[in-house]
Amino acid sequence: MASATPSASGPTGVGLGLRWDFLDDLIQRLDRGDFAGGVPFWEISPENYMRRGGYIPDSLARVAADFPILTHGLQMSIGGLDPYDDAYFASLAELIEPFGAAFHSDHLCFCGTDGRIFHDLLPMPQTEASALHCAARIREAQDRLGRPMAVENISFYLQLGRADLSETDFIDLVLEEADCGLLLDVNNVYVNSLNHGFDAAEWLARIDPARVVQLHVAGHEHRADDGLVIDTHGAPVVEPVYQLLEDVIARIGPRPVLLERDNDVPPLDDLLAERTSLEAAYDRGLRRYEDARSPSPHHGEAAP
């Protein structure tokens, strides 16, 4: 299975997650021909749509007729110990196949054991054995789906056991052994930096740009009682995350960037306005990326 690599033919720019909260509104606008949101792609979580009929697949097909669709899973439990579920993978493959996306993504975590799903994304021990276990599971997932995988770095609030590797070294080892892509969640890095006391910009600088196939950004909230920062996906993106996104794009170049909003989802027009603001940061980063690669005038010659 070929690895997930950035594709010039795939969507770039700032897209949105397709959510039930505004799906009817979006489809009505598409049918009227008056949707002008500038969205280059939509992302779906297949588990919210699998094994359902009628309006649901029809709605996805309607959106997919006008936009590229990227798929981002929630329940693969890449780091889990339970064998993969055949029925889950069959349903997943059936749903994502028509969209023709270059890769499918899920989280570098575990989210269940002994047949139970925790409905949470739990961190893996940062050890070589854990990394090799995750890599083997990613390779199996790629074979089952017949397409490359990308894995997302998660926000977490407790380190599981002694960490023999830094988080970036752990991620790098997984990506190398699995030969897969990275879905880089910039907000997760920022949230973890606040909770665990490290420099988010330095963390991001250690990531291999060639492995990054997509980025996520989202909002978070500060818990008043103990100061913990929670990755809620239920608030607007904060300015430091805007700046981190700009800096990452200035380093790695054009990629699909998703604005995530899963809780307290605002009306579609408000979400589109936030997407436009985030796109401005993306564009600033892209100009820096292009400027850094433009040939400099020869010494003694006037710049054009």
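Summarised in this report is the structure supplied together with it. Treat the numbers as computed from the prediction; the structure is a model and nothing was measured. (Residues numbered from 1 in each chain as written. Predicted model: local features only at pLDDT ≥ 70, side-chain atom pairs only at ≥ 80, totals over all residues. Heavy atoms only, no water.)

As for the overall build of the chain
Right, on to step 1. Within the chain, the regular secondary structure consists of nine helices and twelve strands.
Right, on to step 2. Since a compact globule built from 304 residues should have a radius of gyration of about 19 Å, the 20 Å found for the chain is in line with a globular shape.
Right, on to step 3. Considered along the principal axes of its C-alpha atoms, the chain spans approximately 70 × 55 × 45 Å.
Right, on to step 4. For the chain, with 304 residues in total, the buried portion stands at 51%.
Right, on to step 5. Across the chain, contacts joining residues at least 24 apart in sequence account for 83% of those joining residues at least 6 apart.
Right, on to step 6. If you sum the accessible surface of the chain, you get close to 13800 Å²; carbon and sulfur atoms cover 51% of it.
Right, on to step 7. The averaged location of the 50 negative side-chain charges in the chain is 1 Å from the averaged location of its 23 positive side-chain charges. (Helix = DSSP H or I, 4+ residues; strand = E, 2+ residues; numbered from the N terminus. Rg over C-alpha atoms; globule rule 2.2 N^0.38 Å. Buried < 20%, exposed > 50% of the residue type's maximum accessible area, 1.4 Å probe, protein only. Contact = heavy atoms within 4.5 Å. Areas by Shrake-Rupley, 256 points an atom, 1.4 Å probe, with all protein chains shown as cover. Lys, Arg positive; Asp, Glu negative; His and termini not counted. Charge placed at Lys NZ, Arg CZ, Asp CG, Glu CD.)

So, the pattern of salt bridges
Side chains that differ in sign of charge can pair as their charged atoms come close.
Right, on to step 1. In the structure shown here, the tally under the stated rule is 19 salt bridges.
Right, on to step 2. Measuring nitrogen to oxygen at the nearest pair gives 2.8 Å for the salt bridge that ties Arg 62 to Asp 31. One end of the pair, Arg 62, is in helix α2 (residues 55-64); the other, Asp 31, is in helix α1 (residues 20-32), and 31 residues separate them in sequence.
Right, on to step 3. Residue classification places Arg 62 among the partly exposed residues on the basis of a relative accessible area of 23%.
Right, on to step 4. With a shortest N-O distance of 2.5 Å, Asp 226 and Arg 223 are connected by a salt bridge.
Right, on to step 5. Of the residues examined, Arg 223 reaches a relative accessible area of 37% and is grouped as partly exposed.
Right, on to step 6. Where salt bridges share partners, they join Glu 246, Asp 247, Arg 284 and Arg 288 into one cluster. (Salt bridge = Lys/Arg side-chain N within 4 Å of Asp/Glu carboxyl O.)

Observations concerning unusual backbone geometry
Right, on to step 1. With a phi angle near 50 degrees, Asp 179 is a residue other than glycine that sits in the positive phi range.
Right, on to step 2. With respect to the element layout, Asp 179 can be found in the loop between α5 (167-178) and β8 (181-185).
Right, on to step 3. In this structure, His 233 takes a positive phi of about 55 degrees despite not being glycine.
Right, on to step 4. Here His 233 lies in the loop between β11 (229-230) and α8 (239-252).
Right, on to step 5. Looking at His 233, the relative accessible area reads 12%, which means it is buried.

A short note on empty space enclosed by the protein
Right, on to step 1. Summed over the entire model, instances satisfying the criterion amount to one cavity of 30 Å³ or more.
Right, on to step 2. Approximately 100 Å³ is the volume found for the largest cavity.
Right, on to step 3. Lining the largest cavity, in full, are Leu 108, Pro 123, Met 124, Gln 126, Glu 152, Asn 153, Ile 154, Phe 156, Glu 167, Phe 170 and Ile 171.
Right, on to step 4. Looking at the lining of the largest cavity, the element that brings in the most residues is α5, giving three residues.
Right, on to step 5. Of the residues belonging to the lining of the largest cavity, the class tally is seven nonpolar, two polar and two charged. (1 Å grid on protein atoms, 1.4 Å probe; cavity = no way out; pocket = protein on both sides within 12 Å on 5 of 7 lines; lining within 4 Å. Points joined across faces, edges and corners; volume = space filled by probe spheres on them. Nonpolar A, V, L, I, M, F, W, Y, C, P; charged D, E, K, R; others polar.)

Digging into the packing of helix α3 (residues 86-96) against helix α4 (residues 128-145)
Right, on to step 1. Running from N to C, α3 and α4 cross one another at 55 degrees; their axes reach a closest spacing of 9 Å. In terms of orientation, α3 lies oblique with respect to α4. For the element pair α3 and α4, the recorded crossing hand is right-handed. Each of Asp 86, Phe 89, Leu 92, Ala 93 and Ile 96 in α3 lies in contact with α4, whose residues at this interface are Ala 141, Arg 144 and Leu 145.
Right, on to step 2. For the contact of α3 with α4, the class distribution of residues is six nonpolar, no polar and two charged. (Axes fitted to C-alpha atoms, helices over the stretch in contact; angles between N-to-C directions. Parallel < 35°, antiparallel > 145°, perpendicular 65-115°, else oblique. Left-handed = near helix turned anticlockwise from the far one by under 90°.)

Some remarks on the packing of aromatic side chains
Right, on to step 1. For the structure shown, the criterion picks out seven aromatic pairs.
Right, on to step 2. Plain terms: the ring middles of Phe 22 and Trp 42 are 5.9 Å apart, the flat faces sit at 45 degrees to each other, and that makes the pair tilted. Residue Phe 22 is found in helix α1, and its partner Trp 42 is found in strand β2 (residues 42-44); the two are separated by 20 residues along the sequence. Taken as a pair, Phe 22 and Trp 42 share a single burial class, namely buried.
Right, on to step 3. For the ring pair Trp 42 and Phe 67, a centre distance of 6.0 Å and an interplane angle of 85 degrees mean the geometry is edge-to-face. Of this pair, Trp 42 sits in strand β2 while Phe 67 sits in the loop between α2 and β3 (69-72); the two residues are 25 residues apart in sequence, bridging distant segments of the chain. (Phe/Tyr/Trp six-rings, centres within 6.5 Å; stacked < 30°, edge-to-face > 60°.)

Quick word on α3
Right, on to step 1. Those residues of α3 not exposed but buried are Tyr 88, Phe 89, Ser 91, Leu 92, Leu 95 and Ile 96. Seen end-on, α3 carries its buried residues on one side only, within an arc spanning 165 degrees. In α3, the exposed positions that point more than 90 degrees away from the buried face belong to Asp 86 and Glu 94.
Right, on to step 2. Check the buried side of α3 and you find it contacts β2, β3, β4 (104-107) and α4.
Right, on to step 3. With a side-chain oxygen lying 3.2 Å from the backbone nitrogen of Ala 87, the N-terminal cap of α3 falls on Asp 85. (Arc of directions from axis to C-beta. Polar contact = N/O pair within 3.5 Å; in protein donor to acceptor, adjacent residues only side chain to side chain.)

Overview of the layout of surface pockets
Right, on to step 1. If you add up the space inside the largest pocket, you get close to 860 Å³.
Right, on to step 2. In terms of lining residues, the largest pocket is bounded by 34 residues, among which Leu 74, His 107, Asp 120, Leu 121 and His 233 are the most central.
Right, on to step 3. Top element by residues in the lining of the largest pocket is strand β6 (residues 116-122). It accounts for five residues.
Right, on to step 4. Its residues assigned to classes, the lining of the largest pocket comprises 15 nonpolar, eleven polar and eight charged.
Right, on to step 5. Here the second largest pocket defines a volume of roughly 380 Å³.
Right, on to step 6. Along its surface, the second largest pocket is lined by 21 residues, and Gln 75, Met 76, Asp 85, Tyr 88 and Ile 117 are the ones closest to its centre.
Right, on to step 7. At the level of secondary structure, the elements contributing two or more residues to the lining of the second largest pocket comprise α3, β5 (110-113) and β6.
Right, on to step 8. Sort the elements by how many residues they give to the lining of the second largest pocket and β5 lands first, with three residues.
Right, on to step 9. For the lining of the second largest pocket, the residue count by class is nine nonpolar, six polar and six charged.

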